[in-house]
Amino acid sequence: MLSGIMLAMRLAVAVFGALGLLYVLSYPDSILPPSPDIAYVPGWTVYDVKEWMWVVPLLLMELASAAGKRKNFVWFTAQDGVLVAALWAYPVLRATVPELVEPTFSFEDGKLQQGLVYYGIICVGSVLLRKVLVPALSRNSAEEQQEGAMDAAVLDPAHALTVREIAAKPRQVRVRFLFDGPDEGLIQVFVRIMRRIGILRALKNLGIALFTIATVLWMFLYPQPNQQEALERDKAVMYESRLTPHGREGTPRAVHAAYRVMRFISDHESLAGLSVPQAEKWLQLERVPADYRRQLRDESDIELASTNPIFESRTRFLTIRSGRRIAVLYVRMNKDETAINVSEVTDAGWNAVADALRRKFGADLRANSSMR
């Protein structure tokens with residue numbers, strides 16, 4: 001009973017470590033967000049070991065598996081279980097919460113798609129290490145010990161024989177049979193047992209093969225939204241909000257969805273030629289409560305961490321934020337202010353280093369423009 005409880009506890013710790021390993025490999029920036037101030041900090045900082053954070057959960061898995069018997073069972077059950085769960089969750093997350101699967105911006109970490117690649121490499125390495133290399137080294141070590149072993153009586157000089165004595169008295173081996181004829185009943189029982197073991201092993205291998213095929217089919221055949229369906233999904237999500245101590249703001253999922261919608265608008269000029277009421281209808285702002293809608297449609301100037309204000313002619317049309325992250329849709333109207341000409345999207349707060357670089361670029365561009 002106690003051994004079973006200990007095994008379950010070790011397995012739980014190993015699963016926790018495997019989940020932590022996949023998380024660290026997928027979302028390292030959520031643990032240590034990039035900071036431009038690190039470049040000015042002398043000496044060693046925790047950011048120096050950011051690329052090696054994955055070693056910590058890996059060591060936790062190793063400690064859990066090495067803390068008792070059935071080491072490989074604990075290790076591979078935790079490792080493979082998390083891998084299978086991640087593979088089955090992958091297409092669902094990609095269809096519903098794509099920001100968890102692939103980066104929204106080029107400066108983000110690799111998300112789940114990159115984490116799974118690295119996690120798979122570690123899985124292959126652990127199989128080679130635990131199933132091939134370690135057993136081979138253990139077997140070679142045992143064989144070397146057996147080859148070098150010899151009974152002490154044989155090496156006793158008092159019983160030593162010369163070559164002539166050995167040749168004159170060859171050792172005779174007397175064969176003794178412990179039973180007469182074979183027991184056909186026992187043989188048949190043994191054959192049935194081996195046949196049953198063979199059938200169970202074949203069924204196990206068949207089950208693994210079918211489950212592997214089902215996993216592959218699930219990943220590649222799970223229905224994914226097309227461009228229009230993804231746009232409608234994001235429109236439905238981008239107005240999700242929550243009440244915080246600083247007021248009402250969007251959820252993390254909402255601001256990701258809002259940026260994707262704004263990116264689509266900017267790339268396809270979806271609002272070009274539309275009046276303001278028509279653009280609001282296209283954005284489905286009528287579904288938003290009045291107080292939150294006024295906040296989203298606030299056109300007053302704001303300062304973003306990623307931009308230097310050089311486009312004075314553009315108007316802030318839609319703003320959705322979640323904590324430090326913000327997505328803003330700017331528009332530039334035609335001469336008589338009756339229709340939208342151009343739409344532009346701006347983001348800030350996802351990556352402080354990228355924000356600082358873009359702001360510096362904007363400042364340099366503005367300085368060069370003023371000198372001409």
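What you see is a predicted model, and the numbers here were worked out from it, not measured in a lab. (Residues numbered from 1 in each chain as written. Predicted model: local features only at pLDDT ≥ 70, side-chain atom pairs only at ≥ 80, totals over all residues. Heavy atoms only, no water.)

Q: Looking at this structure, how should I read the pattern of salt bridges?
A: Pairing between side chains of opposite charge can happen when the charged atoms of each approach one another. Applying the stated rule across the entire model yields 19 salt bridges. Of the charged contacts in the structure, one is a salt bridge between Arg-260 and Asp-234, with a shortest N-O distance of 3.0 Å. Pair noted here: Arg-260 is in helix α9 (residues 252–268) and Asp-234 is in helix α8 (residues 227–237), with a separation of 26 residues, a long-range link. Taking relative accessible area as the criterion, Asp-234 reaches 5% and is therefore assigned buried. Asp-267 serves as the salt-bridge partner of Arg-263, at 3.3 Å between the closest nitrogen and oxygen. Taken together, the positions of Arg-263 and Asp-267, both in helix α9 and 4 residues apart, correspond to about one turn of that helix. (Salt bridge = Lys/Arg side-chain N within 4 Å of Asp/Glu carboxyl O. Helix = DSSP H or I, 4+ residues; strand = E, 2+ residues; numbered from the N terminus. Buried < 20%, exposed > 50% of the residue type's maximum accessible area, 1.4 Å probe, protein only.)

Q: Just checking my understanding: could you explain the side chain of Arg-297 for this structure?
A: When you line up the elements, Arg-297 lands in the loop between α11 (290–296) and β3 (315–322). Discounting residues that sit within four places of it in the chain, Arg-297 has contacts with Val-276, Glu-280, Leu-285, Arg-316 and Phe-317. (Contact = heavy atoms within 4.5 Å.)

Q: Sorry if this is basic, but what is going on with the sheet that holds strand β5 (residues 340–348) here?
A: Adjacent strands of a sheet pair through backbone hydrogen bonds, lying either parallel or antiparallel. An order of β3-β4-β5 is seen for the 3 strands of this open sheet, with the pairing classed as antiparallel. Looking at which strands have only one partner, the edges of the open sheet turn out to be β3 and β5. Strand after strand, the sheet turns through a mean of 15° between neighbouring axes, direction not considered. Against the sheet, α9 touches β3, β4 (325–333) and β5, its axis set at about 25° to β4. (Pairing = 2+ DSSP bridges. Axes fitted to C-alpha atoms, helices over the stretch in contact; angles between N-to-C directions.)

Q: Help me understand the confidence of the model for the protein chain in this model?
A: Do not read the fine detail of predicted coordinates wherever pLDDT is low. When pLDDT is averaged across the protein chain, the result is 88; 88% of the residues are at 70 or more. The element-level mean pLDDT for the protein chain is lowest in helix α12 (residues 352–371), coming to 74, with helix α4 (residues 71–96) highest at 96. (pLDDT = per-residue confidence, 0-100.)

Q: Any chance you could explain the packing of α8 against α9 here in plain terms?
A: How two helices pack is summed up by the angle between their axes together with the distance between the axes. Interhelical geometry of α8 versus α9 gives an angle of 130° and a closest axis separation of 8 Å. With respect to α9, the axis of α8 lies oblique. Between α8 and α9 lies a crossing whose hand is left-handed. Contacts between α8 and α9 pair Gln-227, Leu-231, Arg-233, Asp-234, Lys-235 and Val-237 from the former with Arg-253, Ala-254, Ala-257, Arg-260, Val-261, Phe-264 and His-268 from the latter. Within the contact of α8 with α9, the residues separate by chemical class into 6 nonpolar, 2 polar and 5 charged. (Parallel < 35°, antiparallel > 145°, perpendicular 65-115°, else oblique. Left-handed = near helix turned anticlockwise from the far one by under 90°. Nonpolar A, V, L, I, M, F, W, Y, C, P; charged D, E, K, R; others polar.)

Q: Can you walk me through the nonpolar core in this structure?
A: Across soluble globular proteins, you tend to see nonpolar side chains buried next to one another. Counting 30 residues, the largest nonpolar core has Met-238, Tyr-239, Leu-283, Leu-296, Phe-317, Leu-318 and Ile-320 as its most contacted members. Secondary structure elements with two or more residues in this core: α8, α9, α11, β3, β4 and β5. Here the element with the most residues in this core is α9; it accounts for 8 residues. With residues up to four places along the chain from it excluded, the contact list for Leu-283 reads Tyr-239, Val-261, Ile-265, Phe-317 and Leu-318. Grouped together as the second largest cluster of nonpolar side chains are 18 residues, Leu-21, Ala-86, Tyr-90 and Cys-123 included. (Core = buried A, V, L, I, M, F, W, Y, C linked by side-chain atoms within 4.5 Å.)

Q: How should the environment of Pro-91 be read in this particular structure?
A: In this structure, Pro-91 sits in helix α4. We classify Pro-91 as buried; its relative accessible area is 1%. Those residues in contact with Pro-91 that lie beyond four places of it in its chain are Trp-218, Met-219, Tyr-222 and Gln-224.

Q: Looking at this structure, I do not really get the side chain of Arg-316. What am I missing?
A: Looking at the element boundaries, Arg-316 is found in strand β3. Taking relative accessible area as the criterion, Arg-316 reaches 5% and is therefore assigned buried. A polar contact is formed between the side chain of Arg-316 and the backbone oxygen of Asp-298, at a distance of 3.3 Å. Among all residues touching Arg-316, those that are not within four sequence positions of it are Arg-297, Asp-298, Glu-299, Ser-300, Ile-302, Val-328, Leu-329 and Tyr-330. (Polar contact = N/O pair within 3.5 Å; in protein donor to acceptor, adjacent residues only side chain to side chain.)

Q: I'm lost on unusual backbone geometry in this one. Help?
A: Of all residues except glycine, most have a negative phi; of all peptide bonds, most are trans. Backbone geometry places Glu-269, a non-glycine residue, at a positive phi of 50°. Note that Glu-269 resides in the loop between α9 and α10 (276–282). Judged by its relative accessible area of 30%, Glu-269 is partly exposed.

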